[in-house]
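Each chain, letter by letter, is given below.
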Amino acid sequence: MVVGQDFVGWSATLLGLFCVAVALGALRQPGLWREMIDEIAGSPALQLLSGFAELFVGALIYLACPWDNADLLAMVMKAIGGLMMAEALAVMAFSDIYFQLWLKNLAALKRGWPLFTLVAGAVLALGGLVRFG
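Residues numbered from 1 in each chain as written. Predicted model: local features only at pLDDT ≥ 70, side-chain atom pairs only at ≥ 80, totals over all residues. Heavy atoms only, no water.

A. A look at the overall build of the protein. Along the protein, the regular secondary structure elements total five helices and zero strands. In the protein, the succession of helices and strands from N to C terminus is α-α-α-α-α. Radius of gyration (C-alpha) of the protein: 16 Å, near the 14 Å computed for a compact globule of 133 residues. Based on the C-alpha atoms only, the size of the protein along its principal axes is roughly 45 × 30 × 20 Å. The buried share among the 133 residues of the protein stands at 34%. When contacts within the protein are restricted to residue pairs at least 6 apart in sequence, long-range pairs at least 24 apart make up 71% of them. Of the accessible surface of the protein, which amounts to about 8200 Å², a share of 74% is contributed by carbon and sulfur atoms. Of the side-chain charges in the protein, 7 are positive and 9 negative, and the distance between the mean point of each set is 9 Å. (Helix = DSSP H or I, 4+ residues; strand = E, 2+ residues; numbered from the N terminus. Rg over C-alpha atoms; globule rule 2.2 N^0.38 Å. Buried < 20%, exposed > 50% of the residue type's maximum accessible area, 1.4 Å probe, protein only. Contact = heavy atoms within 4.5 Å. Areas by Shrake-Rupley, 256 points an atom, 1.4 Å probe, with all protein chains shown as cover. Lys, Arg positive; Asp, Glu negative; His and termini not counted. Charge placed at Lys NZ, Arg CZ, Asp CG, Glu CD.)

B. Molecular detail of the packing of aromatic side chains. Counted by the stated rule, this structure contains four aromatic pairs. Ring centres of Phe 52 and Phe 56 lie 6.2 Å apart, and the angle between their planes is 25°; on these two criteria the pair is classed as stacked. Taken together, the residues span about one helical turn, with Phe 52 and Phe 56 both in helix α3 (residues 44-64) at a distance of four residues. Note on Phe 56: relative accessible area 48%, which makes it partly exposed. Over the ring of Tyr 62 we find Lys 78, and its NZ or CZ is 4.0 Å from the ring centre. (Phe/Tyr/Trp six-rings, centres within 6.5 Å; stacked < 30°, edge-to-face > 60°. Lys NZ or Arg CZ within 6 Å of the ring centre and 35° of its normal.)

C. Structural view of the pattern of salt bridges. Taken as a whole, this structure holds two salt bridges when the rule is applied. For Arg 131, the salt bridge is made with Asp 6, and the minimal N-O distance between the two is 2.9 Å. Taken as a pair, Arg 131 in the segment after α5 (112-130) and Asp 6 in the segment before α1 (7-28) lie far apart in primary sequence, 125 residues in all. A relative accessible area of 30% means that Arg 131 is categorised as partly exposed. According to the relative accessible area criterion, Asp 6 is buried, its value standing at 7%. Notably, a salt bridge pairs Asp 71 with Arg 131, separated by 2.9 Å at the nearest N-O pair. Here Arg 131 lies in the segment after α5 and Asp 71 lies in the loop between α3 and α4 (72-108), a separation of 60 residues in the sequence. The network of salt bridges with shared partners includes Asp 6, Asp 71 and Arg 131. (Salt bridge = Lys/Arg side-chain N within 4 Å of Asp/Glu carboxyl O.)

D. Inspection of the layout of surface pockets at higher detail. Put simply, the largest pocket is a space of about 1200 Å³. Lining the largest pocket we find 26 residues, and of these Phe 18, Cys 19, Glu 54, Glu 87 and Trp 102 sit closest to its centre. Elements that contribute at least two residues to the lining of the largest pocket include exactly α1, α2 (32-41), α3, α4 and α5. Of all the elements, α4 adds the most residues to the lining of the largest pocket, at nine residues. Of the residues belonging to the lining of the largest pocket, the class tally is 22 nonpolar, two polar and two charged. (1 Å grid on protein atoms, 1.4 Å probe; cavity = no way out; pocket = protein on both sides within 12 Å on 5 of 7 lines; lining within 4 Å. Points joined across faces, edges and corners; volume = space filled by probe spheres on them. Nonpolar A, V, L, I, M, F, W, Y, C, P; charged D, E, K, R; others polar.)

Pasting the structure below:
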């Protein structure tokens, strides 16, 4: 496969780099994610836009990554895309319940979620970049 056509590698690399950047921002500015969730929870328009954006990105990842038992990264990315679509539908259908759940989790794990996101993003980005080497 040509490097430019490796959708799994590109998806993993870009999603991983996005996660790393978002996590670094959250670690630099504690409380940033809670403020963001508060804003989304208070705005039906932001709930709809957030859900649509996640549905769109999740669908792109899901459709671009094949389920291949010999390719662990492809299976992980396919699963991530499917989970993103399910979460997006939950956001759009049950946003009042869903965002309250996240607000409770963010209060309990102020640095835990950003650290987890940083590590997961680094693993995804490296997993994707290895495919190009």
